[in-house]
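What follows is each chain in one-letter form.
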Amino acid sequence: SAVISQKPSRDICQRGTSLTIQCQVDSQVTMMFWYRQQPGQSLTLIATANQGSEATYESGFVIDKFPISRPNLTFSTLTVSNMSPEDSSIYLCSVEGGEAFFGQGTRLTVV
Amino acid sequence: AQKITQTQPGMFVQEKEAVTLDCTYDTSDPSYGLFWYKQPSSGEMIFLIYQGSYDQQNATEGRYSLNFQKARKSANLVISASQLGDSAMYFCAMRELRGSNYKLTFGKGTLLTVNP
């Protein structure tokens, strides 16, 4: 099973600023996934990040708001740009694999 | 139509009793996987158990078992001998394997409370 380290674990940010979330995997993986969980809601996929190509975004999510980097097979970042209180959520990264493991999550509060 | 349906927003169980959390799914893909996750108040997603669509036997992992009824498209999670630490949100999820898209679709979750 993959071990996924995600940071920061939580942050409180001012509206209008940006936050970059990092996801490090202990093994090489082709696909990494970024999910958002709004308060009291289920998880929704933001985008799929493949190494060497642009991320594929789900309906309702755009690159300008959630730019993603995938510089190698073990690392990815998600940036939440120009934040508003509506961006307050838990953001989680996940990797492909039989059992679909997740990072510890980043609990973001925008004030 | 929702792909994953969890009809129980909340469930209560007495410590040491067994509890079943319901999950039904909808797919036309013959190849798929079903997952259950536990999410405590800390927010992390803890993988519990996996069932593949072609698996002949129900999956088991310690106190967790998955009651897989393919014809009914249901994948209920059974937790035996509940413990206070089992109190958490539980999510059912599906991965459809057609087109090699590995993304997960989640249900809305069930909040389980274990009473002493």
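Residues numbered from 1 in each chain as written. Chains lettered and ligands numbered in written order. Predicted model: local features only at pLDDT ≥ 70, side-chain atom pairs only at ≥ 80, totals over all residues. Heavy atoms only, no water.

**Q** How would you summarise the pairing of strand 12 (residues 110-115) of chain B if you had to cite specific residues and measurements?
**A** All names here are of chain B. Only one face of strand 12 is buried: it carries T110, L112 and V114, and the other face, with L111, T113 and N115, is open. Here strand 2 (residues 10-14) runs beside strand 12; their pairing, made up of 5 bridges, is parallel. Bridge pairing links G10 to L111 in strand 12. Note: strand 10 (residues 88-96) against strand 12, 3 bridges, orientation antiparallel. Across the sheet, residue Y90 finds its bridge partner in strand 12, namely T110. (Buried < 20%, exposed > 50% of the residue type's maximum accessible area, 1.4 Å probe, protein only. Helix = DSSP H or I, 4+ residues; strand = E, 2+ residues; numbered from the N terminus. Pairing = 2+ DSSP bridges.)

**Q** Hey, could you go over unusual backbone geometry for me, with residue numbers and the actual values?
**A** The phi angle of most residues is negative, glycine excepted, and most peptide bonds adopt the trans form. Omega for the bond connecting K7(A) with P8(A) falls within 30 degrees of zero, at 5°, which places this linkage in the cis form. Mapping P8(A) onto the fold places it in the loop between strand 1 (4-7) and strand 2 (10-13). Residue N82(A) is not a glycine yet carries a positive backbone phi of 45°. With respect to the element layout, N82(A) can be found in the loop between strand 8 (75-80) and strand 9 (89-95). For N82(A), a relative accessible area of 54% corresponds to the exposed category. Look at K16(B): it is not a glycine, yet its phi comes out positive at around 80°. By secondary structure assignment, the location of K16(B) is in the loop between strand 2 and strand 3 (19-21). By relative accessible area, which is 68% here, K16(B) ends up exposed.

**Q** Residues and numbers for the sheet that holds strand 8 of chain A, please.
**A** Residue and element names in this part refer to chain A. On the basis of which strands lie adjacent, the open sheet formed by 4 strands has the order 1-3-8-7 and antiparallel pairing. Taken across any chain shown, the strands that pair with only one partner, and hence form the sheet edges, are strand 1 and strand 7 (68-72). In this sheet, adjacent strand axes meet at a mean angle of 15° when their direction is disregarded. Here strand 1 pairs with strand 3 (residues 19-25) via 4 bridges, running antiparallel. Bridging from a neighbouring strand, Q6 pairs with C23 of strand 3. (Axes fitted to C-alpha atoms, helices over the stretch in contact; angles between N-to-C directions.)

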